[in-house]
Every structure is written in structure tokens, then in C-alpha cells.
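The lines below spell out each chain.
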Amino acid sequence: MLVTSHNLFLHCNTKLKKNKDLCYNLLYKIFLKRIIIERIGRIILERYTEDGNFIIEKQKDFILSQTLECGQCFHFVKLDEEDYLISAKSRILHIAQKENRTIFYNTDEQTFDKVWKHYFDLERDYGKIKSILIEKDDRLATAIEAMSGVRILNQEFFETLISFIISQNQQIVRIKQIVAAISSRYGRKGEGIDYFPGATEILAAGEQGMKDCKAGFRAKYIIDACEKYVAGELDEKKLLAADYNEAVEILKSVKGIGSKVANCIALFSLDKRNAFPVDVWIKRIMEAMYFHKETPVTEIEKFGKEKYGELSGYAQQYLFYYGKTLNIGK
DNA sequence: ATCCAGGGAATCG
DNA sequence: CGATTCCATGGA
């Protein structure tokens, strides 16, 4: 695949016509390896294909383990240090970080652009997000520096909906076990990890099926969510287009979804980055940081949203993961 | 053994 | 209203 200067010109020209905000430059590096340097705002993504794998130069604000283990997603298998198998977006991804590179195994450029770039939120400038948050309150600096590789994933709505219904009053390790069990029994089989089933498959499994996967009293909540989902009452496109308050209200119409779970679903799958989920950890952490006494979760949620504004979700996630890792307030 | 988990619904006062 | 209790289940 020789690239002549004329081809380069044509390629750049079409790309620029496609999206004036994206500026593509093509370079040639070592042995015909095509390097694409993509600039999105202040973000530079240097990326190329090698042996069928897609590779990006590891970004400053992206650590795979932190992004996956921070409690926002539950459907992955750790193979090694910074080496994971992820089941998401009706796909399985083997991804690793080594020597300053992020490797998307067996992935082509098109799939990266269409699926994973957005999933890992790679278009977003986390350097800027962090500096604005620290400007709002420099007490966030410690948590942000410690968890600097966390990115908020753009996860698929239905799996996130069910996963966070399962999450209520449950430890993260068990949430993962139940998600894996539901996928294993009722989803499509994959290599090393299974796919999460759709609403139809879960409805066919029924409440008892969910109980068999150890969902306990949450089984009936899962069924209610699936019924509303297939009835079109929980439309992903509508919820994505809706503003934060609308989306949360619609989500709360499901039995078993209260404020915390609705905020998690809105934050992790509906692009509502001003959401502020308050769970037991955030309660402890915020009480230790700001209130210095027992405080109702409703008050903490209001306080967080007012303090961090449009970036509440990011602040929440840095604080949650940091506080939980250090056992703050416990 | 006992407490508690990325909470929320049902019930009570 | 706000406060309490119950819910399944197993990790720590």
C-alpha cells in the first residue's frame, strides 16, 4: 500500500471535507507503516496498524487498569498487568498497554474509529477537565493525581442499565460475578468472555433465571427494566438526546432504580457528565472532605452538583476510586 | 460469626 | 414528610 503524495493529498482532502474539525496528516515512518496523527482540539492521537493490531501512542490521561477497575464497568477479564479482555458494544476486545503504547488486538482502523475511540472517550481532553476541576477546588488534586488514568467510558445503554440495577447494595466483585453468570447462561458465547444478552433473552429467562444467577431480590427489578425497555419506554436515543434531569426521571420510573443508580446509568452510558452518583463511598468521602458530620445523601448530591457543575461526574469518579482505594472514612 | 455491600421499596410514626 | 426496616447473598 504505497502512498504517493497525490494520494496523501486526496486522502487529507476528503477527510477534511468530512469533518472540518478533524485534521488528518499522514506521515510515513519505518517500513511503510502508516502513521495517522489526528488532532481533535488539543488532543493528538498518533495511531497506526501493525500486524493486524491497531495501536495508539499511550496517552498521558489513560491507564487501562484504572479506567476498567474504577467501578464504572463490570464486564471484563484481567489477563495480565495492563492486559484485558473486555465484553462491550456487542464485541469482545483484547486490549493492552505496553511500553507507551495502547494495543487494540485484532482491530482495524475502521472499527477503532467507529467503536473504540468513542467507547474509551478518546476525543475528550482530560488534561483540561482535570485543570478545571482543580481550579474549582484544589482539594481534588490528590485524588486526580493518584487516579490520573481514569477515563469515563461511553458504555452501551442496556447492559449499563441492568448492571447498575444489579449493583445496588452489593460489592463490586459480586456485581461482576452476576454479570458474568447472566452472560454465560443467557448470552452468546465468546472466547475467554461471553456477550451480555439482550432484553428479549433476559425476559425469556424470567425472574427465576435472574435469581439463578444470584441477582436475589433485584431479579424482579431487572425484569421490570427489560419490560419497559422492550415496550420502548427506555429508548436509548431519546435518553441520549434528553437533558440530565429528564433522563434521570425516566430511569427512576423503573422499579429498583433510585437516584444513585439513575445517576450511574446517566453518567456511564448516556453522556450526562454532570451526574453525581452518591453511594456509601462518596458519602463517606464527602463527609470527610466537606461536611465533617453525618449528612443525608440528598444533600451531598445537591452539594456535589453545585460545586463541580458540568464536570460533576468526573469529580465523582476520581473521588470514588481514590477514596475507596484508600478506605477513606472507614 | 458478624458486618456490610457503588440502594431502594415498603412501612411506620 | 423523615426515619426505620427489610430485602438475597456471599465477600471480608
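Residues numbered from 1 in each chain as written. Chains lettered and ligands numbered in written order. Predicted model: local features only at pLDDT ≥ 70, side-chain atom pairs only at ≥ 80, totals over all residues. Heavy atoms only, no water.

Engineer: Explain the layout of surface pockets to me, and be specific about the residues and the numbers.
Structural biologist: Considering only enclosed or pocket space, the largest pocket measures out at about 560 Å³ in volume. Lining of the largest pocket is provided by 26 residues; of these, Gln170, Ile172, Asp279, Val280 and Trp281 occupy positions nearest its centre. Looking at the lining of the largest pocket, the elements that each hand over two or more residues are helix H7 (172–186), helix H12 (259–269), helix H13 (280–291) and helix H15 (312–325). Domain assignment of the residues forming the lining of the largest pocket places at least three in each of domain 1 (47–123) and domain 2 (155–270). (1 Å grid on protein atoms, 1.4 Å probe; cavity = no way out; pocket = protein on both sides within 12 Å on 5 of 7 lines; lining within 4 Å. Points joined across faces, edges and corners; volume = space filled by probe spheres on them. Helix = DSSP H or I, 4+ residues; strand = E, 2+ residues; numbered from the N terminus. Domains from an automatic or database assignment.)

Engineer: Hey, could you go over the protein's contact with DNA strand C for me, with residue numbers and the actual values?
Structural biologist: Looking at DNA strand C, the residues that line it are Asn169, Gln171, Val173, Arg174, Gln177, Lys214, Gly216, Phe217 and Arg218. Backbone sugar and phosphate groups make up 64% of those atoms of DNA strand C lying within 4 Å of the protein. A distance of 3.4 Å separates a base nitrogen of DNA strand C from a polar side-chain atom of Arg218. Each residue belonging to the surface near DNA strand C can be placed in one class, and the counts come to 2 nonpolar, 4 polar and 3 charged. (Near = heavy atom within 4 Å. Polar contact = N/O pair within 3.5 Å; in protein donor to acceptor, adjacent residues only side chain to side chain. Nonpolar A, V, L, I, M, F, W, Y, C, P; charged D, E, K, R; others polar.)

Engineer: Summarise the environment of Asp279; cite the residues concerned and give the values.
Structural biologist: With respect to the helices and strands, the residue Asp279 is situated in the loop between H12 and H13. Excluding residues that lie within four positions of it along the chain, Asp279 makes contacts with Lys260 and Phe320. In this structure the side chain of Asp279 is engaged in a polar contact, spanning 2.9 Å, whose partner is the backbone nitrogen of Ile282. (Contact = heavy atoms within 4.5 Å.)

Engineer: Now, about the protein's contact with DNA strand B: what can you tell me, with residues and values included?
Structural biologist: Near DNA strand B, the surroundings consist of 27 residues, among which Gly71, Gln171, Ile172, Arg284 and Gln316 are the closest. Here, DNA strand B places atoms within 4 Å of the protein, and 59% of those atoms are sugar or phosphate. At a separation of 3.2 Å, a sugar or linking oxygen of DNA strand B approaches a polar side-chain atom of Asp279. Of all the elements in the fold, those that place two or more residues in the surface near DNA strand B are H12, H13 and H15. When residues of the surface near DNA strand B are assigned to their parent elements, the largest contribution, 4 residues, is made by H12.

Engineer: Outline the nonpolar core, supporting the account with residue identities and numerical values.
Structural biologist: Counting 71 residues, the largest nonpolar core has Leu133, Leu161 and Ile162 as its most contacted members. Aside from chain neighbours lying at most four places away, what touches Leu161 is Ala225, Leu234, Leu251, Ile257 and Ile265. (Core = buried A, V, L, I, M, F, W, Y, C linked by side-chain atoms within 4.5 Å. Buried < 20%, exposed > 50% of the residue type's maximum accessible area, 1.4 Å probe, protein only.)

Engineer: Residue-level account of the pairing of strand E4 (residues 53–57), with values.
Structural biologist: As a general feature of sheets, a regular strand has side chains that alternate between the two faces. Counted residue by residue, E4 has 4 buried out of 5 residues, so it is predominantly covered. Note: strand E3 (residues 43–50) against E4, 4 bridges, orientation antiparallel. Bridge pairing in E4 places Thr49 opposite Phe54. Count of turn residues in the E3/E4 antiparallel hairpin: 2 residues, of which Asp51 carries a positive phi of about 55 degrees. Two elements, E4 and strand E8 (residues 101–104), share 4 bridges in a ladder whose sense is antiparallel. Note that in E8 the partner of Glu57 across the bridge is Arg101. (Pairing = 2+ DSSP bridges.)

Engineer: Could you give me a rundown of the packing of aromatic side chains, with the residues and numbers involved?
Structural biologist: In the structure shown here, the tally under the stated rule is 18 aromatic pairs. A centroid spacing of 6.2 Å and a plane angle of 35 degrees characterise the contact between Phe157 and Tyr229, whose relative ring orientation is tilted. Taken as a pair, Phe157 in helix H6 (residues 157–166) and Tyr229 in helix H9 (residues 219–230) lie far apart in primary sequence, 72 residues in all. Put simply, the rings of Phe54, Phe62, Phe104, Phe112, Trp116, Tyr119 and Phe120 touch in pairs and so form one group of aromatic residues. (Phe/Tyr/Trp six-rings, centres within 6.5 Å; stacked < 30°, edge-to-face > 60°.)

Engineer: Can you tell me about the UniProt feature "domain: HhH-GPD" (unreviewed entry) in chain A, naming the residues and giving the values?
Structural biologist: In the UniProt entry, the feature "domain: HhH-GPD" (unreviewed entry) is given for residues 166–324. Taken end to end, residues 166–324 has its terminal C-alpha atoms 19 Å apart, with 65% of it in helix and 0% in strand. (UniProt positions renumbered as here; feature names shortened; annotations may be inferred.)

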